[in-house]
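Descriptive structure summary
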Amino acid sequence: MRYISTRGLPTDTPRSFTDILLRGLAPDGGLYMPVEYPRVDSEMLTKWADRFREGGYAALAFEVMRLFVDDIPPADLEAMCQRAYNADNFGSDVVTPMTQLEDGIWLLHLSNGPTAAFKDMAMQMLGQLFEYVLEKEGRELNIVGATSGDTGSSAEYAMLGKDNIRVFMLTPAGRMTPFQQAQMYGLDDPAIINIALEGVFDDCQDVVKAISADADFKEKYSIGAVNSINWARLLAQVVYYVAAWIQAGGSSVKKVSFSVPTGNFGDICAGHVARSMGVPIDKLIVATNENNVLDEFFRTGIYRVRSAAETFETSSPSMDISKASNFERFIFDLVGRDQELVRDLFANKLVNEGEFSLADSSVFRDTRIRFGFLSGSSTHADRLDSIQSVYRHDKVIIDPHTADAWKVARDAMRGGVVDPPLVVLETALPVKFAQTIQEALGFTPDTPKRFEGIEDAKRHVIDLPNDVEAVKQLIREVVGD
Ligand SMILES: *Cc1c(COP(=O)(O)O)cnc(C)c1O
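Attention now goes to the site of the ligand. Around the ligand, the surrounding shell holds 15 residues, and the nearest of these are Lys119, Asp150, Gly263, Asn264 and Asp267. Asn264 is positioned with one of its backbone polar atoms (N or O) 2.7 Å from an oxygen atom of the ligand. Measuring from a nitrogen atom of the ligand, one finds a side-chain N or O atom of Thr427 at 2.9 Å. Contact with the protein chains removes 95% of the 390 Å² of surface that the ligand exposes when unbound. Of the residues that constitute the shell around the ligand, the class distribution is 5 nonpolar, 7 polar and 3 charged.

Further remarks concern the layout of surface pockets. In this structure, the second largest pocket encloses a volume near 220 Å³. The wall of the second largest pocket is formed by Tyr37, His272, Arg275, Ser276, Asp333, Gly336, Arg337, Arg370 and Phe371. Considering every element that reaches the lining of the second largest pocket, the biggest residue donor is helix α11 (residues 266–277), with 3 residues. Taken together, the residues of the lining of the second largest pocket sort by class into 2 nonpolar, 3 polar and 4 charged.

This part is about the pairing of strand β6 (residues 165–172). With 8 of 8 residues buried, β6 is to be regarded as a mostly interior element. Side-chain alternation along β6 places Ile165, Val167, Met169 and Thr171 on one buried face and Arg166, Phe168, Leu170 and Pro172 on a second face that is also buried. Two elements, strand β5 (residues 141–146) and β6, share 6 bridges in a ladder whose sense is parallel. Residue pairing across strands places Val144 opposite Phe168, the latter belonging to β6. For the handedness criterion, the β-α-β arrangement of β5, helix α6 (residues 150–159) and β6 is classed as right-handed. Note that β6 and strand β7 (residues 192–197) share 6 bridges and pair parallel.

For strand β14 (residues 422–426), the buried fraction is high: 5 of the 5 residues fall into the buried class. Neither face of β14 is open: one carries Leu422, Val424 and Glu426, the other Val423 and Leu425, and all of them are buried. Pairing of strand β4 (residues 105–109) with β14, which is carried by 5 bridges, proceeds in the parallel orientation. When the sheet's bridge partners are listed, His109 is paired in β14 with Glu426. Bridge analysis of strand β9 (residues 256–261) against β14 gives 3 bridges, and the strand direction is parallel. Bridging across to β14, Ser257 finds its partner in Leu422.

Here the focus is the packing of aromatic side chains. When we look at a pair of aromatic rings, we describe it by the centre distance and by the angle of the planes. Across all of its chains, the model carries 28 aromatic pairs by this definition. Ring centres of Phe297 and Phe327 lie 5.1 Å apart, and the angle between their planes is 80 degrees; on these two criteria the pair is classed as edge-to-face. Taken as a pair, Phe297 in helix α12 (residues 293–300) and Phe327 in helix α13 (residues 327–334) lie far apart in primary sequence, 30 residues in all. No difference in accessibility class separates Phe297 from Phe327, as the two residues are buried. Both rings, one in Phe298 and one in Phe373, keep their centres 5.0 Å apart while their planes meet at 15 degrees; by these two values the pair is stacked. Separated by 75 residues along the polypeptide, Phe298 in helix α12 and Phe373 in strand β13 (residues 373–377) bring together distant segments of the chain. Taking the relative accessible area as the measure of exposure, Phe298 reaches 2% and is therefore buried. Through a chain of ring-to-ring contacts, the aromatic side chains of Phe265, Phe297, Phe298, Tyr303, Phe327, Phe330, Phe346, Phe356, Phe364, Phe371 and Phe373 assemble into a single cluster. When the ring centre of Phe217 is taken as origin, the NZ or CZ atom of Lys472, which lies over that ring, is 5.3 Å away.

Taking strand neighbours across the sheet as the criterion, the 6 strands line up as β3-β4-β14-β9-β10-β13 in an open arrangement whose pairing is mixed. If you trace the sheet from one side to the other, it starts and ends with β3 (98–100) and β13, each paired once. With strand direction ignored, the average angle separating the axes of adjacent strands in the sheet is 25 degrees. Sheet topology note: the β9/strand β10 (residues 281–288) ladder contains 5 bridges and is parallel. Paired with Val256 across the two strands is Ile281, which belongs to β10.

Turning our attention to empty space enclosed by the protein. What the rule picks out here adds up to 1 cavity of 30 Å³ or more. One number sums up the size of the largest cavity: a volume of about 50 Å³. In this structure, the largest cavity is lined by Thr262, Gly263, Thr288, Asn291, Val293, Leu294, Met319, Ile321, Ser322, Lys323 and Ala324. Among the residues making up the lining of the largest cavity, the classes are represented as 5 nonpolar, 5 polar and 1 charged.

Turning to helix α17 (residues 400–414), a few remarks are in order. Relative to the 21 Å expected for 15 residues at 1.5 Å per residue, α17 spans 21 Å between its end C-alpha atoms, a close match to the ideal helical length. Following α17 by one or two positions, Gly416 has its phi on the positive side, about 70 degrees.

Evaluated as defined, the whole model comprises 25 salt bridges. Across the pair Glu63 and Arg51 runs a salt bridge, and its minimum N-O distance is 3.2 Å. What makes Glu63 buried here is its relative accessible area of 6%. In this structure Arg51 comes out as partly exposed when scored by relative accessible area, which is 22%. One network of salt bridges, with partners in common, ties together Lys47, Arg51, Glu63, Arg66 and Glu78.

Next up on the list: the sheet that holds β5. Spatial ordering of the open sheet is given by β8-β5-β6-β7-β15, a layout of 5 strands whose pairing is parallel. Only two strands of the sheet have a single partner each, and these edge strands are β8 (223–224) and β15 (462–464). Sheet analysis places β5 next to β8, joined by 2 bridges and oriented parallel. Within β8, the residue paired with Asn142 across the bridge is Ile223. Seen against the sheet, α6 touches β5, β6 and β7 and runs at an angle of roughly 160 degrees to β6. Across the sheet, helix α19 (residues 468–479) touches β5, β6, β7, β8 and β15, and the angle it forms with β6 is around 155 degrees.

Criteria and thresholds
Sequence positions are assigned chain by chain, starting from 1 and proceeding in written order. Owing to the predicted nature of the model, reporting of local features is limited to residues with pLDDT of at least 70; listing and counting of side-chain atom pairs is limited to 80 or more, with chain, interface and lining totals taken over all residues. Hydrogens and water are ignored here; the side-chain numbers use all heavy atoms of the structure. What makes a residue near a molecule or strand is one non-hydrogen atom of that residue sitting within 4 Å of it. Here a polar contact means two N or O atoms within 3.5 Å. Within protein one must be a hydrogen donor candidate and the other an acceptor candidate, and residues neighboring in sequence count only if both atoms are side-chain atoms. Per-residue and other accessible areas follow the Shrake-Rupley method at a 1.4 Å probe size, with only the shown protein chains counted as cover for residues. Only Asp, Glu, Lys and Arg are considered charged in this grouping, and only Ala, Val, Leu, Ile, Met, Phe, Trp, Tyr, Cys and Pro are considered nonpolar; every other residue, Gly among them, is considered polar. Throughout, the protein atoms alone are placed on a 1 Å grid, and a set of points is a cavity if a 1.4 Å probe fits but cannot get out or a pocket if it is open with protein on both sides within 12 Å along at least five of seven lines; lining residues have an atom within 4 Å of a point. Grid points are joined across faces, edges and corners, and a volume is the space filled by probe spheres set on the points. Secondary structure follows DSSP: runs of H or I at least 4 residues long count as helices, runs of E at least 2 residues long count as strands, and numbering of each begins at the N terminus. Burial classes follow relative accessibility: with a 1.4 Å probe on protein chains only, a residue under 20% of its type's maximum area counts as buried, one over 50% as exposed, and anything between as partly exposed. Strand pairing is defined by DSSP finding a minimum of two bridges between the two strands. Note on handedness: a clockwise path from strand one over the helix to strand two, with the strands aimed away from the viewer, defines a right-handed crossover. In summary, the pairing rule links any two rings of Phe, Tyr or Trp, Trp by its six-membered ring, whose centres are within 6.5 Å, and it sorts them by plane angle into stacked for under 30 degrees, edge-to-face for over 60 and tilted for everything else. Both a distance and an angle decide whether a charge sits over a ring: NZ of Lys or CZ of Arg must be within 6 Å of the ring centre and within 35 degrees of the ring normal. Orientation is described by axes fitted as lines to C-alpha atoms, over the contacting stretch for helices, and by angles from 0 to 180 degrees between their N-to-C directions. By this rule, a helix spans an expected 1.5 Å times one less than how many residues it contains. For salt bridges, the criterion is a side-chain nitrogen of Lys or Arg within 4 Å of an Asp or Glu carboxyl oxygen. Residues count as neighbours in contact if any of their non-hydrogen atoms are within 4.5 Å of one another.

As structure tokens, then:
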């Protein structure tokens, strides 16, 4: 399998999987995509279901990923899947169990990993792949990132103990939840460097951008990233759409639909890839919170991004995103992989006008008809109501992000626009957002055993001013010349 850029030229040479693994954006500013989707037929799906039942999630992950990765020996890829997806990391070999709620709605549990958020699903595999490729190439990587919570901790736990990898993670001082702070700052390892920057998340991100923009520094200190546009992260997420279809009944159900709490469009884009491969998926429902840029697009055909100042701070903070970094991948497929058009939309219209419109284009209809997309949004009041409702009926506590997806899913079911089975993706455990649970239910969720006492651990974090040079100096000191 080879990969091309969404903005590339037809004359570009496609690249291999390991070649794009450690790259972020393509040099032309586009995102890497497979030259075509491998097709799965019913025979293969039956085989995958057998592999999942016999060998657990790791076996299924290997079967799915090997279709996209042909420059790593299969035995090595399989071993990496085993090391990423097992009971030690995810509590069981099924990794993503599914619970039935009322009315044909299911909950797919994606947050049983080390940091209690679904980011672990992709990041654990990424840690394996990074270590493998760095070892092969005999080089090291210093990951520099910014986080407002989930991504940073997930990256740290995935890279922990991996050879040739260090993580420098910038966090906005005092602005994460106590649980998130404890998770990250509690890590005691010389290769994990937590930095509390005097500033907000955008300041952290600006520092990371400034460091990446310094080509000499980047080269000299082998600076890399684990951003949400990494193809391997997306690929790893394709697997659980298959696992959900199998658990919902496999070949005894015709098709499964999904409702996905969406921010950067990574999670649901993996669903789009699975569907494009022929996995029996009917509808893919994009659920947003008050930051409803994507809901607006799927309703109107107009994609109008917002600035940081126009982005609301909500009680589902991991979805407070007004410029979805993976959205270009879907548009690429929607416009028939017309790279010139994608370039015009994203590198010209979006940059110069802050929006583009496909409302008058014949492809807009295809979002629903050919690609199965629906959308909806929810508010803080909806989230509280959803958390209460699911708790009342099913005695299950869902987190505020999952609540966004549940609300949009239930509306779609009641409106008759989607048939059961409909799977809601659970993206975090409620313990991470205890304050909102308290507001909805009047009590805080239990802390899972594996997290008991983490708030008492000694903290490992370096305070720095909001200053690029100070962060660079720290990197120089740690990495050495
Ligand atoms: C990252 C995240 C999301 C959004 O996922 P995308 O892939 O960015 O769309 C939703 N919920 C939680 C808890 C997250 O951490």
